Amino acid sequence: MAHTRTVIQIGTVSGATFSLVAVVKNLYPINRKGDILRYSKELSDYGECKFRISTKDPLLSDDILTPHVYHIRVKRGTTTVWSGAIVDNTERNKNYIEVVAVEYDYYLDKMLIRRDASVTAGDGKENYRTFSSGTMAAAVTSLVNSAKTDFGSTHPLAGLVVSSSNITNPNYPAGFKNADGTNLSGAWSFTSFVTLQFDYHSVFYVLKAFGIYANCDFEIDENLVFYFKPFIGNKQTGITFEYGTRGNIVDYNTPRLGRRMANDLWGIAADTSGKVLHVNQRDSVSVNTYGILQKADAFSDVKDSNFLKTRVNESLQFLKTPDDSPINIILDEKCYPLGQFGIGDIVTVKIKDHVIDYNKPRRIVGITVTLHNTGKETITIQTNTPRAKDLGN
């Protein structure tokens, strides 16, 4: 089978424009198996790219591997399949230099949020950022724009593109209530009763928290465009990954992790006045099947019962049965071409292997590609249980 050629480009970025400096033509093996490149992408997180270059390679007549200065593009044919910035030269010895790059979301984890100004001496407001008014879209825009400003003109994300057209304001999740107990619905707006507060956390941390509470995803693409959406990916791919004689899965791991389970979950937090909040969520089907398995978690950033309930529900989704555990599959080269499926997509995983019988929808939350020196690619897919609201739409 003919392999699509993969190349690594090294360059600089000015604004949001990538300028090519060199193309890596000879890769040094990263392990004894003959693998020469590994790169990964993750949903609402940052993936990694790793490769090695011979220390004596003529390409390195200039130092073009400096962390936070040079950028990477992985091209598969004419398509850019991975982009990011160099952050480490993990090893530099007489044989090779090992390069590690990360996707651009990483830099949001290296910038703390701006905190509120003190109103009166000693009120402590300068230690927190409180979101109690405005839409979530406005809060996200403010967070990312402030980070861009604070990065400065020489930062790898100096050219970050932040546009309201790429930031969607979500609706309130089901179950959100107002102070008088009435249901909240429609477009998200922070209020005195729908409040979040963060201290010395990164922009990345707060965006992930927003994503949990509002069921949203975020990313920065190769053109340094920032996105925040209710769903990144494709809900109706029609793609099935199957293990068997005519399947496209060569190996799999479908663990059933009972020790991590909980089907009666308590959440604990404190509001802005210090009042302790308690919320309980239970999955009755799981309790009736497996018996009661209780757990309690504390959430320091949660300041009202709405968010506490949402946070507990999100945790319960991944803990209520043994089959809710993450599932990893390794695909062969007869599989759907890389690019036909992507991060965030919902697919079907079918495994019938003696006693193991699994057939359920899964959401792709991670993709890792390993390239061998023969040109053969091995693709590993990491999946989670999709949210019920994302199925059938």
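This section reports on the structure supplied with the text. Because the structure is predicted, anything quoted here is derived from the model rather than measured.

## Digging into the sheet that holds strand β14 (residues 264–270)
- Taking strand neighbours across the sheet as the criterion, the three strands line up as β15-β14-β16 in an open arrangement whose pairing is mixed. Every interior strand has two partners, whereas the edge strands, β15 (276–282) and β16 (294–298), have only one. Put simply, the sheet's adjacent strands are angled 20° from each other on average, direction ignored.
- Against the sheet, helix α4 (residues 305–317) touches β14 and β15, its axis set at about 35° to β15.

## Digging into the pairing of strand β1 (residues 6–14)
- Taken together, the six bridges between β1 and strand β5 (residues 71–76) define a ladder with antiparallel strand orientation. Of the residues in β5, the one forming a bridge with V7 is K75.
- Counting the residues between successive antiparallel strands, the hairpin from β1 to strand β2 (residues 17–24) contains two residues, one of them, G15, with a positive phi of roughly 65°.

## Section: helix α2 (residues 203–214)
- Taking 1.5 Å of rise per residue, the twelve residues of α2 would be expected to cover 16 Å, and the 16 Å separating its terminal C-alpha atoms lies within 8% of that figure.
- Burial runs high along α2: nine of the twelve residues are buried.
- Among the residues making up α2, those that are buried are V203, F204, V206, L207, A209, F210, G211, Y213 and A214.
- The secondary structure elements touched by the buried residues of α2 are β8 (129–131), α1 (136–151), β9 (196–198), β10 (217–220), β11 (226–229) and α4.
- Within two residues after α2, N215 carries a phi angle of roughly 55°, on the positive side.

## Thoughts on unusual backbone geometry
- You will see that S44, though not glycine, has its phi angle at about 50°, which is positive.
- Turning to its location among the elements, S44 is positioned in the loop between β3 (35–42) and β4 (48–54).
- On the basis of relative accessibility, which here comes to 11%, the residue S44 falls in the buried class.

## Considering the pattern of salt bridges
- Here the structure, examined in full by the defined rule, presents 14 salt bridges.
- We note a salt bridge from D217 to R363, for which the minimum N-O separation is 2.7 Å. A residue pair is termed long-range when its members are at least 10 positions apart, and D217 in strand β10 and R363 in strand β19 (residues 356–372) qualify at 146 residues. Considered together, D217 and R363 belong to a single accessibility category, that of buried residues.
- Put simply, D324 and K320 hold a salt bridge, and the shortest N to O gap is 3.5 Å.
- According to the relative accessible area criterion, D324 is buried, its value standing at 7%.
- Note on K320: relative accessible area 21%, which makes it partly exposed.

Cut-offs applied
Position labels on residues start from 1 in each chain and follow its written sequence. Two thresholds apply to this predicted model, a pLDDT of at least 70 for residue-level local features and 80 or more for giving and counting side-chain atom pairs, whereas whole-chain, interface and lining totals are computed over all residues. With hydrogens and water stripped out, all remaining heavy atoms of the structure feed into the side-chain values. In this analysis, strands are considered paired if DSSP registers two or more bridges between them. The way it works is that DSSP assigns letters per residue, a run of H or I at least four long becomes a helix, a run of E at least two long becomes a strand, and they are numbered from the N terminus. The axes used here are C-alpha line fits, helices contributing only the stretch in contact, and every angle between their N-to-C directions lies in the interval 0 to 180 degrees. By definition in these notes, contact holds between two residues if any of their heavy atoms fall within 4.5 Å. To estimate the expected span of a helix, count its residues, drop one, and scale the result by 1.5 Å. Under the scheme applied here, a residue whose accessible area is under 20% of the maximum for its type counts as buried, over 50% as exposed, and between as partly exposed, the area being computed with a 1.4 Å probe on protein chains only. A carboxyl oxygen of Asp or Glu within 4 Å of a side-chain nitrogen of Lys or Arg is what we treat as a salt bridge.

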